[in-house]
Amino acid sequence: MRQRLDEFLAAQQDRGAISADLAMVLTQLACACARISKIVAMGGIADGLGSAGQQNVQQEEQKKLDLITNEVLLQTFADSPIVAGVASEEMETIEPSSAPAKAKADAYLLLFDPLDGSSNIDVNVSVGTIFSVLPSPAAGRVLLEADFLQPGVNQVAAGYAVYGPQSMLVLTVRTGVVGFTLNPDDGVWLQTHEAILIPHETREFAINMSNMRHWASPVRRYIEGCIAGKNGHRDKDFNMRWVASMVADVHRVLMRGGVFLYPWDARDPTRPGKLRLMYEANPMALLVEQAGGKATNGRHRILEIAPGALHERVAVVLGSTEEVDEISAHHERHVD
Ligand code: AHG
Ligand code: MN
Ligand code: MN
């Protein structure tokens, strides 16, 4: 008999790994993701495809489903006494919960990318929801945006839902990484993956190759080595994958190993990378490290980066340790 998510969370609570409040937050998140899974599955039937005709704070075109899924998560936590406030890729600033401040002692902060990979939604390719849970330092006082600017090592939980051939919830509460599959018949998340671990060795890299001419030389040298395979200095040939939904690409890395890169590129030299630190890189970095992999910005551990802004971007290199280390070595050998 497969364990349900609520049974898993109760067991984590019994062993003292999580609080009852955190178990409740994750239960509510899982329920919201089950709702989003149904909405995404309806696609064009419910007129959910296409552009919303507006941009978000990142100056990126918003899809209708970006807004619809953001609203599902906002409604879930709008008056929560245990989530003091939320932050989203789709909102310029934080949204404090309406519960009275005094009721929020030992509360949490929730950050999310409500629909990751939304450029794929209109072509029916896997998308997902990414979430990060931080402790709230604002007990008894008004919540500030600055309260969210905590390094990724502070996360008490992180995970994603990927809406693909199956909808899966992949989660860590810092006791390893587990996976649940949604039963569409009854909306229950059933555990299908225990102790997900990333192989240290891989032959598969994931990067958007069309940006090659814009990369810094350490990344270009690393990828050239992968492409050269046995004909070059690597002792093996490589395969390449690029879904362009971070959730789908990182899920593949967690399921079978690999290395995922979204590095700095010269298209916008002022930007460290495309992906956002607080609600894409940090949650994925915690999952990957909990699964025995590594996550850096090419040089430094992502989880130790001190955030300066809510929507700050970061270069991302994550996955099988051998390849992440090889990429770090390329950066150390090359001082631009
Ligand atoms: P989002 O849809 O939330 O804006 O995220 C898209 C991100 C990430 O999911 C993916 O890895 C990356 O954009 C793909 O970027 P390219 O389209 O430049 O390859
Ligand atoms: Mn995203
Ligand atoms: Mn998004």
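Please refer to the structure higher up on the page.
What comes next concerns the included structure. Just so it is clear, the structure is predicted and the values come from calculations on it, not from any experiment.

### Concerning the sheet that holds strand S6 (residues 127–135)
Next up, step 1: If you trace the 8 strands from one edge of the open sheet to the other, you get S4-S3-S5-S6-S7-S8-S9-S10, paired in mixed fashion. Sheet topology places strand S4 (95–96) and strand S10 (188–193) at the edges, where each strand pairs with a single neighbour.
Next up, step 2: Of the strand pairs in this sheet, strand S8 (residues 167–172) and strand S9 (residues 177–183) are connected by 5 bridges, and their pairing is antiparallel. Bridge pairing in S9 places methionine 168 opposite threonine 181.
Next up, step 3: Sheet strands in contact with helix H1 (residues 5–14) are S8, S9 and S10, and its direction is about 5 degrees off that of S8.

### What about the coordination of the manganese ion (ligand 3)?
Next up, step 1: All of the protein donors around the manganese ion (ligand 3) are Glu89 (OE), Asp113 (OD) and Leu115 (O); their distances to the metal are 2.2 to 2.4 Å.
Next up, step 2: Mapped onto the sequence, the residues coordinating the manganese ion (ligand 3) show the spacing E-x23-D-x1-L.

### Here we look at the coordination of the manganese ion (ligand 2)
Next up, step 1: At this site the manganese ion (ligand 2) is bound by Asp113 (OD), Asp116 (OD) and Glu280 (OE), with donor distances of 1.9 to 2.1 Å.
Next up, step 2: Going along the chain, you hit the donors of the manganese ion (ligand 2) in the pattern D-x2-D-x163-E.
Next up, step 3: Between the manganese ion (ligand 2) and the manganese ion (ligand 3), a spacing of 3.7 Å is present, and a bridge between the two is formed by aspartate 113. Of the two residues, aspartate 116 is situated in strand S5 (residues 108–116) and glutamate 280 in helix H6 (residues 277–290); the sequence distance between them amounts to 164 residues.

### With respect to H6
Next up, step 1: Of all 14 residues making up H6, 12 are buried, and the element is well covered by its neighbours.
Next up, step 2: Just past H6, the residue glycine 292 takes up positive phi, approximately 85 degrees.

### Observations regarding the pairing of strand S13 (residues 259–262)
Next up, step 1: Where burial is concerned, the two faces of S13 agree: the one with Val259 and Leu261 and the one with Phe260 and Tyr262 are both buried.
Next up, step 2: Of the pairings in the sheet, the one linking strand S11 (residues 204–206) to S13 comprises 2 bridges and is parallel in character. Looking at S13, one finds that alanine 206 is bridged to phenylalanine 260.
Next up, step 3: Relative to strand S17 (residues 316–319), S13 runs antiparallel, the two being bridged by 4 bridges. Its bridge partner being in S17, phenylalanine 260 is matched across the sheet by leucine 318.

### Let's talk about the site of ligand 1
Next up, step 1: The environment of ligand 1 is formed by 18 residues, the closest being Asp116, Gly117, Asn208, Met246 and Tyr262.
Next up, step 2: Between arginine 276 and ligand 1, the recorded distance is 3.1 Å, taken from a side-chain N or O atom to an oxygen atom.
Next up, step 3: Here glutamate 280 contributes a side-chain N or O atom positioned 3.5 Å from an oxygen atom of ligand 1.
Next up, step 4: Relative to its free-state accessible area of 470 Å², ligand 1 is covered by the protein chains to the extent of 88%.
Next up, step 5: At the level of elements, S5, S13 and strand S14 (275–276) are the ones that each hand at least two residues to the shell around ligand 1.
Next up, step 6: Per-element tally for the shell around ligand 1: the top contributor is S5, with 3 residues.
Next up, step 7: Its residues assigned to classes, the shell around ligand 1 shows 7 nonpolar, 4 polar and 7 charged.
Next up, step 8: Each of two domains, domain 1 (5–193) and domain 2 (204–333), supplies a minimum of three residues to the shell around ligand 1.

### A few points about H1
Next up, step 1: If you check which residues of H1 are buried, you get Leu5, Phe8, Leu9 and Gln12. The buried side chains of H1 occupy one side of the element, clustering within an arc of 95 degrees when seen end-on.
Next up, step 2: Here the buried face of H1 lies against helix H2 (20–42), S8, S9 and S10.
Next up, step 3: Note on H1: the residue one or two positions beyond its end, glycine 16, has a positive phi of about 80 degrees.

### Some words on the sheet that holds S13
Next up, step 1: With respect to topology, 5 strands assemble into an open sheet ordered S12-S11-S13-S17-S15, the strand pairing being mixed. Whereas interior strands pair on both sides, the edge strands pair on one side only; in this sheet they are strand S12 (239–240) and strand S15 (294–296).
Next up, step 2: Helix H4 (residues 217–228) rests against S11 and S13 of the sheet, and its axis sits at about 140 degrees to S13.

Basis of the calculations
- Numbers given for residues are sequential positions, taken from 1 along each chain in its written order.
- Lettering for chains starts from A, numbering for ligands starts from 1, and both go in the order in which the items are written.
- With the structure being a predicted model, the display of local features is reserved for residues of pLDDT at least 70 and the display and counting of side-chain atom pairs for 80 or more, all residues being used for whole-chain, interface and lining totals.
- As a convention, hydrogens and water are excluded, and side-chain values are obtained from all of the structure's heavy atoms.
- Two strands qualify as a pair provided that DSSP identifies no fewer than 2 bridges between them.
- What counts as a helix is a DSSP run of H or I of at least four residues, what counts as a strand is a run of E of at least two, and both are numbered from the N terminus.
- Residues are treated as being in contact if the distance between any of their heavy atoms lies within 4.5 Å.
- Axis definition: a line fit to C-alpha positions, over the contact stretch in the case of helices; interaxial angles, taken between N-to-C directions, run 0 to 180 degrees.
- The donor definition counts N, O and S atoms within 2.8 Å of each metal and applies 3.2 Å to Na, K and Ca; water is not among these atoms, so some sites may look incomplete.
- Summary of the burial criterion: residues with accessible area below 20% of their type's maximum are buried, those above 50% are exposed, and those between are partly exposed, where the area comes from a 1.4 Å probe applied to protein chains only.
- In these notes, residues near a molecule or strand are those with any non-hydrogen atom within 4 Å of it.
- Throughout this description, a polar contact denotes any pair of N or O atoms lying within 3.5 Å of each other; where both atoms belong to protein, one of them has to be capable of donating a hydrogen while the other can accept it, and for residues adjacent in sequence the pair is counted only when both atoms sit in side chains.
- Accessible surface area values rest on a Shrake-Rupley calculation with a 1.4 Å probe, where residue burial reflects the displayed protein chains alone.
- Just so you know the grouping, Ala, Val, Leu, Ile, Met, Phe, Trp, Tyr, Cys and Pro go in nonpolar, Asp, Glu, Lys and Arg go in charged, and all remaining residues, Gly too, go in polar.
- An automatic or database domain assignment is the source of the domain bounds shown.
- The arc in question is formed by the directions pointing from the helix axis toward the C-beta atoms.

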